Amino acid sequence: MMPIIDCDVHNDWSTAEVLLPYLDPAFRDYFIRGEQPGPPGAFPHAHRPWLHPEDFRRHDIQPKTEDEHYQFMKDHLLDKHNITVGILTGEEALEASTLANRYYATALTRAYNEFMINEWLPRDDRFYASMIIAPQDPEGAAAEIRRLGSHPRIVQVLMSHGSYRPYGDPFYHPIWEACSEMGLPLAIHLGGQGGINYSPIGSGPMTFYWTTHALLCQPAMSHLASSIAHGVFEKWPNMKLIMIECGVAWVPPILWRLDANYKALRKETPWLKRLPSEYARDHVRVTTQPLEQPKNPEWLHSTLEAMDGKNTLMFASDYPHWDFDDPTQLGIPKDWRDNVFWKNALETYTKIKMPASVAAD
Amino acid sequence: MISKADKVKRAKKHFNVGSADMSHGEKRIIDIDGKRIGIFNVHGEYYALHDRCPHMAGSLCGGPVTGTALESSHGEFVYGKEGELIRCGWHGWEFEIATGQCLVDQRTRAKTYAVTVEEDALVLHI
Ligand code: FES
C-alpha cells in the first residue's frame with residue numbers, strides 16, 4: 001500500500017482551557033479573568049469578519065471530549081485512510097497572530113506548543129507536529145523556535161497567512177534566521193484574518209464567506225512574492241516556505257508575472273541572483289488541499305506541471321474541515337502519486353522517519 | 001424518475017428498519033451489511049438515501065436535515081423547504097431528500113431507496 005503523509009491535520013480542542021496548565025503564570029489571569037472573545041474557554045483572539053454559516057468543521061464529526069477529538073481523528077482519518085504520518089497543524093492557536101499584545105500572543109503559542117507536545121504527540125506514533133508562533137512578535141517567536149526547534153517530532157514552524165505585513169519583510173527576519181538555524185521549514189496556513197492583520201482581501205472586505213474563502217489565496221501571493229524579493233532564500237539557502245491551504249493553481253501565473261517584472265526591474269532587488277520562479281522551484285512547497293476542481297482535470301494538470309507539481313506539491317487533507325480533501329479522490333496525474341502523497345514531504349521534513357515496513361519497500 | 005412502486009418491485013432485499021414513529025425532519029442512520037443508509041421522514045412520507053455523497057463519497061447523511069434560502073432576487077432571503085433537504089456532512093452540498101437531487105448541480109443526484117410502512121414498521125427496499 002502506498003504510504004501517505006498528510007501535511008495538514010487539525011488537532012482541535014473542546015475548550016482552550018486545556019492550555020491553562022501550560023500558560024505562563026503572568027498571563028494566566030488574562031485568560032481566566034480577562035475579557036474573552038466568546039464564552040468561557042474561547043481562545044483569545046480577534047475574530048475575522050466572515051462567519052461560516054454552517055461552521056467550518058465537518059458536520060459528521062462532532063467530538064465532545066478531548067479524547068474524542070483524537071478518537072474521531074483516528075477513526076475518520078488515520079485508520080480509515082491508512083495515513084502513515086499526520087503532521088499536526090493545531091486549530092485556533094494560529095489565531096494568536098491577530099492579537100495586538102505580542103507578548104500575550106507569544107505566551108499563548110508557547111502554551112499551545114507545550115500542550116501539543118504533552119497531550120497530542122504521545123497519543124499516536126504517526127504524529128509529527130508544527131510548532132506555532134506569533135509572527136507579530138518576531139523576537140519572541142525566534143526564541144520559541146530555538147527553545148523547541150530540536151524536538152525530534154517538530155518538523156516545521158507555523159504561522160497564519162493573515163499577517164501584519166508580507167513575510168519576506170526584514171521585520172520578520174529574526175524568524176527566518178531562527179528557522180534556518182534549527183533547520184525547520186517555515187509554513188503559513190490560511191487563518192489570522194482579523195485584529196491587527198490587514199484585510200486579507202485586496203480592495204476591501206468581501207461580503208460572503210464563500211467568496212472570501214476562495215480569494216484567501218491573495219495573502220499567500222504577497223508572502224510568496226515578498227519572501228523571494230527580500231532575498232530570504234539567498235540569505236538562508238537552507239530555508240523552505242510551505243504554503244498550506246492557500247490554493248494551488250494560482251502559483252504558476254503569479255510566478256510568470258514576477259519573472260517578467262524582475263527581468264525589467266532587477267535593480268530594485270540587486271541581491272537576487274535567479275528568477276523568482278527558480279527560487280520558488282527550489283524553496284517553496286505547496287500543499288494540495290483544497291485542490292481546485294475544474295470540469296476538465298487536464299486544465300488543472302497542465303497548470304500544475306508549470307510549477308513542477310510533481311516535485312513541489314505535498315498532500316494535505318485539512319481534516320476535519322468543511323473543505324476536506326479525501327486522499328482517494330485527489331485529482332493529480334497518476335504518475336505523481338508517490339511524490340505528492342509522501343516522497344516530497346519526506347524530502348522537505350527531514351526529521352520524519354517512516355515506519356520500517358515502508359522503509360523496506 | 002422511477003416511481004416508488006417500481007423501486008419496491010425491483011428491489012432484491014427488504015429490511016425491517018424499525019418502527020414508523022419518526023416525525024417530519026427526523027433522520028435515522030442504519031447499517032445494513034456494512035452499507036450506511038439514512039432514513040428520513042419528510043412531511044409524513046418516508047425516504048432513504050445511501051450515506052455516500054456523489055460529490056466525493058463523503059457521509060451525506062452525517063449532515064443536518066435542513067431548509068434553505070430559496071431562489072430569490074438580490075438581497076432577498078426566503079427560507080423554505082424546511083426539513084426537505086440534507087446538507088452533506090463533508091462539504092455541505094444540499095440535496096433534496098425525496099429525489100436525491102443536488103441543488104447546485106442538475107446532473108448530480110444521490111442514490112435513493114424506497115421505504116414503505118407496513119403495519120407500524122418501516123421497510124427498506126434495496
Ligand atoms: S462529499 Fe458531499 S459535498 Fe463533498
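Right above here is the structure, for reference.
Parameters and conventions
- Residues numbered from 1 in each chain as written.
- Chains lettered and ligands numbered in written order.
- Predicted model: local features only at pLDDT ≥ 70, side-chain atom pairs only at ≥ 80, totals over all residues.
- Heavy atoms only, no water.
- Salt bridge = Lys/Arg side-chain N within 4 Å of Asp/Glu carboxyl O.
- Buried < 20%, exposed > 50% of the residue type's maximum accessible area, 1.4 Å probe, protein only.
- Helix = DSSP H or I, 4+ residues; strand = E, 2+ residues; numbered from the N terminus.
- Contact = heavy atoms within 4.5 Å.
- Buried area = accessible area lost by both parts, 1.4 Å probe.
- Polar contact = N/O pair within 3.5 Å; in protein donor to acceptor, adjacent residues only side chain to side chain.
- Nonpolar A, V, L, I, M, F, W, Y, C, P; charged D, E, K, R; others polar.

### Topic: the pattern of salt bridges
All names here are of chain A.
- This model, assessed by the stated rule, comprises 30 salt bridges over all chains.
- Of the charged contacts, one joins Asp282 and Arg274 as a salt bridge, the two residues approaching to 2.7 Å between their closest N and O atoms.
- For Arg274, a relative accessible area of 27% gives the class partly exposed.
- We note a salt bridge from Asp308 to Arg281, for which the minimum N-O separation is 2.5 Å. Of this pair, Asp308 sits in the loop between α11 (297–305) and α12 (309–312) while Arg281 is found in helix α10 (residues 276–283), placing the two residues 27 residues apart along the sequence.
- Judged by its relative accessible area of 23%, Asp308 falls in the partly exposed class.

### Things to note about the interface of chain A and chain B
- Across the contact, 11 residues belong to chain A and 11 residues belong to chain B.
- Surface buried jointly by chain A and chain B totals about 1,100 Å² across both partners, of which 52% is contributed by carbon and sulfur atoms.
- For the pair chain A and chain B, the number of links is 1 salt bridge.
- Between A:Glu54 and B:Arg87 there is a salt bridge, and its shortest N-O distance comes to 3.4 Å.
- Summed over the shared surface of chain A and chain B, the result is 6 residue pairs in polar contact (both at pLDDT 80 or more).
- Here the residues of the side of chain A that touches chain B are counted per class, giving 2 nonpolar, 3 polar and 6 charged.

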